[in-house]
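# Structural overview
Chain by chain, the residues run as shown.
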Amino acid sequence: MLSPRLQLKVSQKQILTPGLVQMVTVLQLNRLELKDMIAQEIAENPVLEESVDGIEELSPEEMQSILERERVSEPSDQVILETVNGTGSEPEIAAGIPEASPVEIEFDASAPVSTDGASLDGAQAPAAEGEIVEPKTEKDPFDEIDFGTFFDDYLDPGYKSPASETVEKPSFETFLSSPVTLADHLHSQLAVLVMSEDVRDAADNIIGNLNENGYLTATLEEIADSGQHSMAEVQEALRMVQSLDPAGVGAKDVRECLLLQIESRNGRDGVAWQIVANHLKLLETRQIKEIARQLGRPLEHVQTALDVIRHLDPYPGLRYSDRGSRQVEPDVYIFKEGDEYIIQLNDDDLPQLRLNAQYRKMLDRDQEPSKEIRNYVKDRYAAAIQLIKNIEQRKQTILKVCQSIVRRQLDFLEHGIDTLKPMMIKEVAEEIGVHPSTVSRAVASKYADTPQGVFELRYFFSEAVQGSAGSATPLLILKRRVKKMIEEEDTQHPLTDEQITARLKSEGIDVTRRTVAKYREDMKIPSTHQRRVRA
C-alpha cells in the first residue's frame with residue numbers, strides 16, 4: 001500500500017559552496033566586469049575597503065587566524081584581543097585635542113577707567129575678583145534691518161535674495177547625450193507634417209512595427225485591424241512614413257527599399273529604376289550584357305546605373321540602430337623584452353582590496369555584547385577574505401593559461417596570423433592541471449594585447465583539420481586560404497567548391513566539398529553562379 005514513510009539513507013552529492021560559486025563567477029569576468037563587481041562588494045561589505053597607503057589594515061592571513069580562533073569552544077574573545085593588541089586590553093584613544101596652555105593677560109593699571117568698568121580709550125577694564133563681565137560691542141543700526149525679508153516682501157517678486165533662494169542645480173545626467181533611435185528620428189519629422197489625427201496614429205503604428213533595418217514587419221491589414229483604421233488611412237500613413245529620412249524606411253523588402261531610394265533622387269523610371277524593378281535577378285548574377293540587351297540601352301548606361309545602385313543602402317535603419325558600443329580593454333599585456341616574452345595582467349584602475357582593522361573591535365565580547373553583531377562581523381570578514389582569495393586565484397589561473405598560449409604560439413607572436421597553430425582547450429587544461437571548463441572560463445570575454453594586435457584569448461584556440469599537411473592547420477587559417485583563393489580568382493570563371501577542394505588537397509589538406517561550401521557560407525561569400533561576371 002502507498003503511504004508516506006520516513007527513510008534514512010547516506011548518499012554523496014557534489015554541492016558548490018558559495019565560495020566556490022564566487023570563484024567560478026570571478027574567473028569568467030573580464031577586467032571591466034571585475035572592476036564593477038569589486039566596487040559593488042566594497043559598497044555592500046563594510047569590512048572591505050580599497051587599500052590606501054599609510055592606513056592600518058589586516059592581511060587576509062591575519063584575519064583568517066583570528067576567525068579560526070573564534071571558532072574554538074573556549075572563551076576566545078580574550079584570545080582575539082591578546083592576538084590583535086598584544087596586551088589583552090584595548091588601548092585608549094586620545095581625544096586629539098591639544099591641552100590648553102595658560103594665557104597671561106596684561107593691562108595698564110594707570111589707564112583711565114569709566115564708572116561702568118570700560119576704559120576711556122575704548123579698552124575693557126579688568127573685572128573685580130569673582131565678577132564676570134561680558135564684553136560690550138557697539139551695534140550697527142544697519143545690522144538690525146532684515147534686508148532679505150525686505151526685498152522678498154516689498155520688491156519685485158522676481159528677485160530672491162541669495163539667502164532665501166534655493167538653487168536646484170541640474171543633474172549631471174542631463175548633460176549626457178542619449179542616442180537617437182530610428183523611431184525618435186522618424187517621430188521628430190512626423191511631428192511637423194500636416195495630417196489628420198487618424199493618419200498620424202496609423203503612422204505611429206507603422207513606425208512601431210519597423211525593425212532595426214527599417215523594414216516594415218507587419219502587413220497593412222494587421223496595422224489597420226490593431227488600430228481600427230481604414231485601409232485608406234493606413235496607406236496614406238505608409239506613404240507619409242516612406243517620404244521621411246532616411247529614404248527606404250517602411251519598405252517590405254530590399255527591392256522596394258532600393259526603389260524608394262532611387263525615387264528620392266528623382267530617378268523614377270530611369271535605367272537604375274528599371275534594373276531594380278524588373279531585372280533584379282539578372283543583377284544578382286551580374287549578367288550585365290543581358291540587362292543591357294533587354295533594356296535596349298548601351299552598356300555604358302547600364303554600368304552608370306549599376307554604380308548608382310552600388311551606392312544605395314539596403315539597410316537604411318541601421319545607422320540609427322543602437323546596438324550598444326562594446327568597450328574592450330586588454331586584460332593581459334604580452335610583450336617581448338630581449339629574447340623572452342613577458343606576460344603582465346592589466347591591473348590599472350582595479351581597486352586593491354584590504355580588510356578594515358577597525359571592525360575587529362566588534363569581535364570582542366566586552367566591547368560588543370551583541371552576539372548577532374559579532375556573528376555578522378565575522379561573516380563579513382570571512383566573505384571579504386574569500387573574495388580576495390578568489391581574485392588572486394583568478395589572476396594566477398589567467399597567467400598560467402597565457403603562459404601556455406605563449407609557449408604554443410611563439411610563431412604567431414613573431415610572424416603573424418598565418419603561422420597560428422591549432423590548439424585545444426583540453427590540451428592547455430592538462431598542461432596547467434585544471435579542468436577544461438576552468439580554462440574556458442579563464443579565456444571568456446578577455447583580450448590580450450600582443451605584438452600582432454589585440455586579440456580575444458579564445459581566438460588562439462582552434463581545431464586542426466585533417467590531412468597529411470592539415471594536421472598543423474587550424475580552421476581559421478583554412479578559412480583564410482579559401483577566402484584568398486576566391487579573391488584571386490578570375491571573375492569571369494570563378495572557382496567552384498570542387499576546384500577549391502582539389503587545390504586544398506594538393507596542398508595536403510584533406511577536406512570535402514561540403515566542408516568548403518560550409519566555410520564559404522560562414523564567411524558570407526556568394527556561390528560560384530552569383531560571383532560570375534559575364535562579359
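These remarks concern the structure in this document. (Residues numbered from 1 in each chain as written. Predicted model: local features only at pLDDT ≥ 70, side-chain atom pairs only at ≥ 80, totals over all residues. Heavy atoms only, no water.)

### A few points about the overall build of the chain
In terms of regular secondary structure, the chain is built from 22 helices and seven strands. In the chain, which comprises 535 residues, the share counted as buried stands at 33%. Within the chain, contacts between residues separated by at least 24 positions form 61% of all contacts whose residues are at least 6 apart in sequence. Only carbon and sulfur atoms are counted for the fraction: they give 50% of the accessible area of the chain, which is about 35,100 Å². (Helix = DSSP H or I, 4+ residues; strand = E, 2+ residues; numbered from the N terminus. Buried < 20%, exposed > 50% of the residue type's maximum accessible area, 1.4 Å probe, protein only. Contact = heavy atoms within 4.5 Å. Areas by Shrake-Rupley, 256 points an atom, 1.4 Å probe, with all protein chains shown as cover.)

### Focus: a nonpolar patch on the surface
Residues Leu16, Leu20 and Val21 make up a contiguous nonpolar surface patch of about 240 Å² in total accessible area. Checked against the element boundaries, Leu16 lands in the segment before α1 (18–27). By relative accessible area, which is 57% here, Leu16 ends up exposed. (Patch = residues over 30% accessible without salt bridge, like charges linked within 9 Å, V, L, I, M, F, W, Y side chains within 5 Å. Salt bridge = Lys/Arg side-chain N within 4 Å of Asp/Glu carboxyl O.)

### Looking at the sheet that holds strand β3 (residues 332–337)
Taking strand neighbours across the sheet as the criterion, the four strands line up as β4-β3-β6-β7 in an open arrangement whose pairing is mixed. At either margin of the open sheet sits one strand with a lone partner, and together these are β4 (340–345) and β7 (453–456). Going across the sheet, the axis of each strand differs from the next one's by a mean of 25 degrees, ignoring polarity. Examined bridge by bridge, β3 and β4 share six bridges and lie antiparallel to one another. Across the sheet, Val332 pairs through a bridge with Leu345, a residue of β4. Its contacts with the sheet place helix α15 (residues 371–408) against β3 and β4, and it is angled at close to 155 degrees to β4. (Pairing = 2+ DSSP bridges. Axes fitted to C-alpha atoms, helices over the stretch in contact; angles between N-to-C directions.)

### Looking at the environment of Lys378
Of note, Lys378 is situated in helix α15. In this structure, the C-alpha to C-alpha distance between Lys378 and Val47, residues 331 residues apart in sequence, is 9.7 Å. A polar atom in the side chain of Lys378 sits 3.3 Å from the side chain of Asn375. (Polar contact = N/O pair within 3.5 Å; in protein donor to acceptor, adjacent residues only side chain to side chain.)

### Structural notes on the side chain of Glu256
When you line up the elements, Glu256 lands in helix α10 (residues 254–264). For Glu256, a relative accessible area of 15% translates into the label buried. Beyond its immediate sequence surroundings of up to four residues, Glu256 is in contact with Gln242 and Ala251.

### Looking at the pattern of salt bridges
Side-chain pairs of opposite charge can arise where the charged atoms are in close proximity. As enumerated under the stated definition, the model contains 21 salt bridges in all. Here Asp522 and Lys479 are joined by a salt bridge, their closest N and O atoms 3.9 Å apart. Note that Asp522 is positioned in helix α21 (residues 513–522) and Lys479 in helix α19 (residues 475–487), a separation of 43 residues in sequence. Judged by relative accessible area, which is 43%, Asp522 ranks as partly exposed. On the accessibility criterion, Lys479 (25% relative accessible area) is partly exposed. A salt bridge links Arg513 to Glu498; its shortest N-O distance comes to 3.8 Å. Here Arg513, found in helix α21, pairs with Glu498, found in helix α20 (residues 497–506); they are 15 residues apart in sequence, far enough to count as distant. Taking relative accessible area as the criterion, Glu498 reaches 47% and is therefore assigned partly exposed. Each of Arg407, Arg408, Glu427 and Glu431 takes part in one network of salt bridges that share partners.

### Side note on the environment of Arg374
For Arg374, the position within the fold is in helix α15. Among the residues examined, Arg374 registers a relative accessible area of 6% and is labelled buried.

### Thoughts on the packing of aromatic side chains
Evaluation of the coordinates by the stated rule reveals five aromatic pairs. A centroid spacing of 5.3 Å and a plane angle of 80 degrees characterise the contact between Phe412 and Phe460, whose relative ring orientation is edge-to-face. Within this pair, whereas Phe412 is found in helix α16 (residues 410–415), its partner Phe460 is found in the loop between β7 and α19, the two being separated by 48 residues in sequence. Ring geometry for Tyr459 and Phe460: centres 6.2 Å apart, planes at 85 degrees, overall edge-to-face. In this structure Tyr459 comes out as partly exposed when scored by relative accessible area, which is 25%. (Phe/Tyr/Trp six-rings, centres within 6.5 Å; stacked < 30°, edge-to-face > 60°.)

### Re the side chain of Asp331
Inspection of the secondary structure assignment puts Asp331 in the loop between α14 (299–310) and β3. In this structure Asp331 comes out as buried when scored by relative accessible area, which is 6%. Setting aside residues no more than four positions away along its own chain, Asp331 makes contact with Asn30, Arg31, Gln344, Leu345, Asn346, Arg394, Ser445, Lys446 and Tyr447.

### Brief notes about the packing of helix α6 (residues 182–190) against helix α7 (residues 197–208)
Running from amino to carboxyl end, α6 crosses α7 at an angle of 165 degrees, the nearest separation of the two axes being 10 Å. In terms of their interaxial angle, α6 and α7 are classed as roughly antiparallel. At the point where α6 passes α7, the crossing takes the right-handed sense. Residues Ala183, Leu186, His187 and Leu190 of α6 lie in contact with α7, whose contacting residues are Arg200, Ala203, Asp204 and Ile207. Of the residues contributing to the contact of α6 with α7, the split by class is five nonpolar, one polar and two charged. (Parallel < 35°, antiparallel > 145°, perpendicular 65-115°, else oblique. Left-handed = near helix turned anticlockwise from the far one by under 90°. Nonpolar A, V, L, I, M, F, W, Y, C, P; charged D, E, K, R; others polar.)

### Observations concerning α7
Over its twelve residues, α7 runs 16 Å from end to end, which matches the ideal 16 Å to within 8%, given 1.5 Å per residue. Within α7, burial applies to Val199, Arg200, Ala202, Ala203, Ile206 and Ile207. The buried residues of α7 all sit within an arc of 160 degrees when viewed along its axis, so they share a single face. What points out from α7, more than 90 degrees from its buried face, is the exposed set Glu197 and Gly208. Buried positions along α7 lie against α6, α8 (220–227) and α9 (231–242). (Expected span 1.5 Å × (residues − 1). Arc of directions from axis to C-beta.)

### Observations concerning the nonpolar core
Val332, Ile334, Val401, Val439, Phe460 and Phe461 are the most contacted members of the largest nonpolar core, which totals 30 residues. Listing elements by their share of this core, those giving two or more residues are β3, β4, α15, α16, α17 (425–432) and α18 (436–443). Residue contacts for Val439: discarding those within four places in its chain leaves Val401, Ile425, Val428, Ala429, Ile432, Val434 and Phe461. Met195, Leu216, Val241 and Val249 belong to the second-largest nonpolar core, a separate cluster that totals 23 residues. (Core = buried A, V, L, I, M, F, W, Y, C linked by side-chain atoms within 4.5 Å.)

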